[in-house]
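Breakdown of the fold
The primary structure of each chain is shown beneath.
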2 protein chains.
Amino acid sequence: MTMKELKKRAIEKSPLCVGIDLRENQIPLAISNGTFEVEEHFVAYAKAIVDNTKEYAACYKVQIACYEAYGLAGLRAYARILNYIRSQGEIVIADIKRGDIGSTAEMYAQGHFTGDFEADIVTLNAYMGKDAVSPYFPYFKQGKGAFILGKTSNPGSKDFQDLKVNQTEQTLSQNVLDTIYQWGKECDTGSELPCMGAVVGVNNIADIHAMKPYTDKLFLLVPGYGAQGAKIEDIRTLIADRQNGVVNVSRGMTAGIVEEKEFEQELRRRAQQFAKELLQCINK
Amino acid sequence: MTMKELKKRAIEKSPLCVGIDLRENQIPLAISNGTFEVEEHFVAYAKAIVDNTKEYAACYKVQIACYEAYGLAGLRAYARILNYIRSQGEIVIADIKRGDIGSTAEMYAQGHFTGDFEADIVTLNAYMGKDAVSPYFPYFKQGKGAFILGKTSNPGSKDFQDLKVNQTEQTLSQNVLDTIYQWGKECDTGSELPCMGAVVGVNNIADIHAMKPYTDKLFLLVPGYGAQGAKIEDIRTLIADRQNGVVNVSRGMTAGIVEEKEFEQELRRRAQQFAKELLQCINK
């Protein structure tokens, strides 16, 4: 079961999730020779990232928007990159944040758990409720997993996620986390981990303490480390006790090494450093 | 400006939005001869739908999940179908329901407002807040538009959208509609219509009355007519006074005519009938 295996790797290798959010202006000269051809250069760059970080990373997260932006060529690259990561025995999270009614969710589940775009885990948006998520349950029983958006790390997360609900002090995001956990019981696969984890971004210690009772039973995908401003102390507070999460680094892994000829060594150095920092988070 | 033009067509032709949510098992024998080849058959079927309904429809809505389900071949069909609809001078809504942080939303906006997947209007999910939506504003100024999920028509819409927020009787979906309208003022294009409308599903009259104060200023995309159970009286109550919405019919347009040799005539007959019913909604 993928979530169980992911937890194992997070503890043994490190909680580092390497985000592969490629953008045209990031392609290093060493790969591009100054030109840019979407499919070939994205695939070459992604392979370089995977080859030089897999010693340290629990998993990879591929942001599909970066590929949709380039139309069909981008999505051909996306398909090849997912395939390459899985061919290396690595776990890949497709960051698709899909959310739609049941009959449509069935199509998304088919699209992202089988065929050209097959991933091991997907991210989902539950705004539309349980029938936006339950069509993925049959795939969970076959070993796939999902992270549902709970509390995100962007500034706008306050707009709706922080609203108090049900005439109580509970926020919408806390309510979502509670609900995800309840839904997870229904798609129990006999593992100690639910197949549905949650995306929980961290920006300040007050939020984390408010969130902890709701995150304690869920495996977490934590975005925001590096470019989005989450600090290592915040991450430690969030996942330390439970060894129960992976932490995504996307822009921090590649930013500023566009022109760098020695980018492979730099990728390796950063992955090792992030992994070391994050491993300390769960080992103390 | 597309939203303005859409309103014009909704009044002059009809508020009918024809949903093109193709599935393999729906392809009529007249097109497939019993075989199924994703790209060619989807494109042929979609062209048949457009050619036989455009006399009556204000616009088309293409559900991208149905194409993502078939991987790259599905998305080649998707690109060709969008292109065909626009080449006919018709307005196309890409039902993508994307929602992500600012830097990622920029990539989705690029992907769905330019290039292979260019649409006129997209649907968006605002769970992640304003920075999930504001990257689309520059495209609104160039004439594009969006419908943001407010209250959806599926059973699970009650799970989160009906939660009371802010220690008041206001629901989350009402709060979202209020907020969309406020955001819309910031991307004002000088038209009398905001570039951001809302998706508002209707299932019962009590919900509609509760929603009306929040929908009155927004142009609406109303799903749920036909297969999802919304009744014509409900739709009349929701959009009558303002002539301010389009109503989507997807499954109702094609269901049960898989085996029908005379499917072109049947599409035409249904489109005419739906258009007539819906036009009466706004003309009384």
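Preceding block: the structure.
Residues numbered from 1 in each chain as written. Chains lettered and ligands numbered in written order. Predicted model: local features only at pLDDT ≥ 70, side-chain atom pairs only at ≥ 80, totals over all residues. Heavy atoms only, no water.

It is worth spelling out the sheet that holds strand 1 (residues 16-20) of chain B at this point. All names here are of chain B. Taken together, the eight strands give a closed barrel; going around it, the order is 1-2-3-4-5-6-7-8, and neighbouring strands pair in parallel fashion. Direction aside, the axes of adjacent strands within the sheet are offset by 30° on average. Across four bridges, strand 2 (residues 59-63) lies against strand 3 (residues 92-98) in parallel orientation. Counted as the bridge partner of K61 is I93 from strand 3. (Pairing = 2+ DSSP bridges. Helix = DSSP H or I, 4+ residues; strand = E, 2+ residues; numbered from the N terminus. Axes fitted to C-alpha atoms, helices over the stretch in contact; angles between N-to-C directions.)

A word on the packing of aromatic side chains. All names here are of chain A. This model, assessed by the stated rule, comprises 26 aromatic pairs over all chains. When the ring of Y67 is compared with that of Y78, the centres are 5.5 Å apart and the planes differ by 50°; the resulting orientation is tilted. Of this pair, Y67 sits in helix 4 (residues 65-68) while Y78 sits in helix 5 (residues 71-87), placing them eleven residues apart in sequence. Comparing Y67 with Y78 shows no difference in burial state: the two are buried. Taken together, the ring pairs in this structure connect F36, F42, Y67, Y70, Y78 and F117 into an aromatic cluster. (Phe/Tyr/Trp six-rings, centres within 6.5 Å; stacked < 30°, edge-to-face > 60°. Buried < 20%, exposed > 50% of the residue type's maximum accessible area, 1.4 Å probe, protein only.)

Contacts between the two partners involve 63 residues from chain A and, on the opposite side, 63 residues from chain B. For the pair chain A and chain B, the summed buried area comes to about 5100 Å², and 57% of that belongs to carbon and sulfur atoms. For the pair chain A and chain B, the interface holds four salt bridges. Among the ionic pairs, R98 of chain B bridges to E68 of chain A, the shortest N-O distance being 3.2 Å. Counting across the interface, chain A meets chain B through 37 residue pairs in polar contact (both at pLDDT 80 or more). Residue assignment for the side of chain A that touches chain B shows that the elements contributing at least two residues are helix 4, helix 5, strand 3 (92-98), helix 6 (102-113), strand 5 (145-151), helix 8 (157-161) and helix 9 (172-186) of chain A. No other element matches helix 6 of chain A, which puts seven residues into the side of chain A that touches chain B. Split into classes, the residues belonging to the side of chain A that touches chain B amount to 26 nonpolar, 23 polar and 14 charged. (Contact = heavy atoms within 4.5 Å. Buried area = accessible area lost by both parts, 1.4 Å probe. Salt bridge = Lys/Arg side-chain N within 4 Å of Asp/Glu carboxyl O. Polar contact = N/O pair within 3.5 Å; in protein donor to acceptor, adjacent residues only side chain to side chain. Nonpolar A, V, L, I, M, F, W, Y, C, P; charged D, E, K, R; others polar.)

As a further point, take unusual backbone geometry. Residue and element names in this part refer to chain B. For N33, which is not a glycine, the phi torsion comes out positive at approximately 50°. Relative to the helices and strands, N33 is located in the loop between helix 2 (29-32) and helix 3 (38-53). Of note in this structure, N166 is not a glycine but carries a positive phi near 55°. Summarising the element assignment, N166 is placed in the loop between helix 8 (157-161) and helix 9 (172-186).

Residues and elements named next belong to chain A. Its location among the elements puts P138 in helix 7 (residues 137-141). Residue class for P138 comes out partly exposed when judged on its relative accessible area of 44%. For the pair formed by P138 and C187, sequence separation is 49 residues and the distance between their alpha carbons is 8.1 Å.

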